Amino acid sequence: MEPTSNSKRMIRRYLLGELPEAERAALEEKYFTDQVVFEQVVQTENELVDSYVRGRLAPRERAQFERHYLAHPERRERMRFAKSFLTKLDQTETAKAVAGESSTIAKSWLRRLFASISSPGFSLGFSMALAAVLLILGGSWLLFENHRLRRRLAETGETQASYARRERELERQIADERKRADQLADEVERMRAQSQTASPGANRSGNVFPELVAMDLTSNGIRGGNAEKPPTLIIRRETKRVRLRFNVEAHDYSRYRMGLRPVGGKEVWSRQGLAPKPSPEGASFVVIVPAEKFAAGDYILTLGGENDTGAVVDVSKSFFRVIKK
Amino acid sequence: MAWVLTEEAFSKLLEFLDPDRERAGEKYEDLRRTLVRFFEWRGTPAPEEHVDETLNRVARRLDEGQVISNFGGYCYGVARLVFMESLKGREREIISLEDADPRALVAAEDAGDAAAEEERRLECLEECLRKLPNESQELIMEYYQDERRDKIDRRKALAERLGIPRLALGNRAQRLRDKLAQCVKSCFTKKKAT
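Just so we're clear, the structure is a prediction, and the values are computed from it rather than from any experiment.

1. Regarding the overall build of chain A
Phase 1: In terms of helices and strands, chain A carries six helices and 10 strands.
Phase 2: Pairs at least 24 apart in sequence give 62% of the contacts found in chain A among residues at least 6 apart.
Phase 3: Accessible surface for chain A amounts to roughly 18600 Å². Of this, 55% is attributable to carbon and sulfur atoms.

In structure tokens, the structure reads:
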């Protein structure tokens, strides 16, 4: 009896270690008392393993299979056996198919060959026979080659799937890193606010945290600064990081890209996927740039919105001067 | 003194399974297979040891004259107990095993010459297939053919040709697959050692 799709789903969850203990125990008791149920579990296991080997599991199930099922040496052994067994099955099927097609081709050509030999122009018949033999050999070779290429194609598909998995993993890592960077920026901001409360006269450029200097920028200038005179960032020898807060009036994108370059030079730093933080003026972006990225001179900080296709549209920019002490 | 499985106790177990010795042997093999899979699915590191322990305890109870009405359920209870006992003192080991990324374990095991190992496995599979009777060879190769669309029809036709119900065909194919997997495993271990 074939298991129903519901019971099959439950068995798959059991094999992938996803069933709660009570349901797990109930299923186990069932397959100990009913051999039919046991065979259904074995059948489902074989199907699950075969699907994994053939790359037919959905990404979530595949991940769980790798995390749970393959954690046990005996179960890994089952997967390896399935790999060899399915390879053997494929080889046998292909050999059968090739033999079948070759035999059809051979039969058809042999009929013509005999017809030629029995005809008055025997030498012509002989030539045709030779051609027929060559064609049979060539045809067989082509069929083998065709099969080999199909296998290569299937292998490439598997490799692509593995790359896709790796890409997803990297995306997750990037998201984690981004979250950590945001947390760090928030932390720094909080500490700075605390220090200013404790010491209202503290200099933003680094008396309290000599390793960190901070600067607020708005489009084309510093907040409250003189529009004709570019804002100045003083980087001292002990400065290790520069915290830049870029304020914009409106934000139409969900993600932004920030870039930094010296005037007339190439970009020296950038950050993608920045989320705007709502502020009284509109939105702000806080980034921390290593101080080593700056040399003395004039710089441009650019802000671009990332659209759905991944292209970046310029939104705003700000000029400032760096003085190194 | 630890209880040891005697021939007499083992005979009583077989007798309990079925008065017919041959059928009892088959039922014993079924029970063993179920136990092996149970411990494997539960993730026990050494399933065979736990299977022996479970069977010994069941045989002992029968030898002592205990009346068992639901034999399958009783065996499950004993197996579960053996499993729980095996967890004791092994928690650290289990945690460290779960912490490890299985993909890394697979990769580490495959770190040798993967292609050569796969080749050896295939050789073993061919050797093991040759050891099977022709009928069994055909059955397993046909049953597991990868044609999803007409699989049901093909299996139905195969069952009809062999004159057995479809359920029996499925069970036979699965048992053959298990047997083949066992054979390949021991062949591969031997080849690896040489």
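2. Observations regarding the overall build of chain B
Phase 1: From N to C terminus, chain B includes 10 helices and zero strands.
Phase 2: Its helices and strands taken in sequence order, chain B reads α-α-α-α-α-α-α-α-α-α from the N to the C terminus.
Phase 3: Counting all 194 residues of chain B, 40% fall into the buried class.
Phase 4: Partitioning the contacts of chain B with sequence separation of at least 6, the portion at a separation of at least 24 is 57%.
Phase 5: In the structure as shown, chain B presents an accessible area of about 11400 Å², 51% of it carried by carbon and sulfur atoms.

3. Some points on the state of the cysteines
Residues and elements named next belong to chain B.
Phase 1: In total, this model carries two disulfides over all chains according to the counting rule given.
Phase 2: Shown here is the disulfide that connects C124 with C187, its sulfur atoms set 2.1 Å apart. Disulfide C124-C187: the torsion about the S-S bond is -80°, which places it as left-handed. Placement of the pair is C124 in helix α7 (residues 114–131) and C187 in helix α10 (residues 166–193), with a sequence separation of 63 residues.
Phase 3: Judged by its relative accessible area of 9%, C187 is buried.
Phase 4: Between C128 and C183 runs a disulfide, and the two sulfur atoms are separated by 2.0 Å. Its S-S torsion of about -85° marks the bond between C128 and C183 as left-handed, since a negative value means left-handed. Here C128, found in helix α7, pairs with C183, found in helix α10; they are 55 residues apart in sequence, far enough to count as distant.
Phase 5: Cysteine pairing for chain B, with bonded cysteines counted in sequence order: 1-4, 2-3.

4. Notes on the packing of aromatic side chains
Phase 1: In this structure the tally under the stated criterion is 23 aromatic pairs over all chains.
Phase 2: A centroid spacing of 5.9 Å and a plane angle of 55° characterise the contact between Y31 of chain A and F38 of chain A, whose relative ring orientation is tilted. Here Y31 of chain A matches F38 of chain A in class, with each residue buried.
Phase 3: Judged by centre distance (5.6 Å) and plane angle (75°), the ring pair of F85 of chain A and Y144 of chain B falls under edge-to-face. Placement of the pair is F85 of chain A in helix α5 (residues 73–117) and Y144 of chain B in the loop between α8 (134–143) and α9 (151–162), with the two residues belonging to separate chains. Across the pair, exposure class does not vary: F85 of chain A and Y144 of chain B are buried alike.
Phase 4: One aromatic cluster in this structure is built from Y14, Y31, F32 and F38 of chain A together with F38, F39, W41, Y76 and F83 of chain B.
Phase 5: Between the NZ or CZ atom of R75 of chain A and the centre of the ring of Y69 of chain A, over which it lies, the distance is 5.3 Å.
Phase 6: Seen from the ring of F188 of chain B, R121 of chain B lies directly overhead, with NZ or CZ sitting 4.1 Å from the centre.

5. Points about the pattern of salt bridges
Phase 1: Across all of its chains, the model carries 37 salt bridges over all chains by this definition.
Phase 2: For the salt bridge of R57 of chain B with E53 of chain B, the shortest nitrogen-to-oxygen distance reads 2.7 Å. You can see R57 of chain B and its partner E53 of chain B sitting in helix α3 (residues 47–63), four residues apart, about one turn around the helix.
Phase 3: Connected through salt bridges with shared partners, the residues E39, E45 and R78 of chain A together with D30, R33, R37, E40, R175 and D178 of chain B form a single ionic network.

6. Notes on the packing of helix α2 (residues 21–42) of chain B against α3 of chain B
Residue and element names in this part refer to chain B.
Phase 1: Between α2 and α3, the least distance of the axes is 9 Å, while the angle of their chain directions is 130°. Between α2 and α3, the angle is such that the two are oblique. In this structure, α2 meets α3 at a crossing whose hand is right-handed. Counting all contacts with α2, which are made through Y28, L31, R32, L35, V36, F39 and E40, the residues of α3 involved are P47, E48, H50, V51, D52, T54 and L55.
Phase 2: For the contact of α2 with α3, a count of residues per class yields eight nonpolar, two polar and four charged.

About the thresholds
The residue count restarts for each chain, going from 1 along the sequence in the order it is written. In the order they appear in the text, chains get letters beginning with A and ligands get numbers beginning with 1. Reporting of local features is limited, given that this is a predicted model, to residues whose pLDDT is at least 70; pairs of side-chain atoms are given and counted only at 80 or more, and all residues count toward the totals for whole chains, interfaces and linings. Side-chain metrics rest on all non-hydrogen atoms present in the structure, leaving aside hydrogens and water. Secondary structure is summarised from DSSP: a helix means a run of H or I of at least four residues, a strand means a run of E of at least two, and numbering begins at the N terminus for each. Should any heavy atoms of two residues lie within 4.5 Å, those residues are considered in contact. Accessible areas in this description were obtained via Shrake-Rupley with a 1.4 Å probe; residue shielding takes into account the shown protein chains only. Using a 1.4 Å probe on the protein chains alone, a residue whose accessible area is under 20% of its type maximum counts as buried, one over 50% counts as exposed, and one in between counts as partly exposed. We call a pair of cysteine sulfur atoms a disulfide when they lie within 2.5 Å. Two aromatic rings, drawn from Phe, Tyr or Trp (for Trp, its six-membered ring), form a pair once their centres lie within 6.5 Å of each other, and the interplanar angle then sorts them: stacked below 30 degrees, edge-to-face above 60, tilted otherwise. Definition used: whenever NZ (Lys) or CZ (Arg) falls within 6 Å of the ring centre and also within 35 degrees of the ring normal, the charge is taken to sit over that ring. What counts as a salt bridge is simple: a side-chain nitrogen of Lys or Arg found within 4 Å of a carboxyl oxygen of Asp or Glu. Between the N-to-C directions of two axes lies an angle of 0 to 180 degrees, each axis being a line fitted to C-alpha atoms and, for a helix, fitted only over the stretch in contact. For this classification, under 35 degrees means roughly parallel, over 145 means roughly antiparallel, 65 to 115 means roughly perpendicular, and everything else is oblique. What makes a crossing left-handed is the near helix being turned counterclockwise from the far one by less than a right angle; a clockwise turn instead makes it right-handed. Amino acid classes used here: Ala, Val, Leu, Ile, Met, Phe, Trp, Tyr, Cys and Pro are nonpolar; Asp, Glu, Lys and Arg are charged; the rest, including Gly, are polar.

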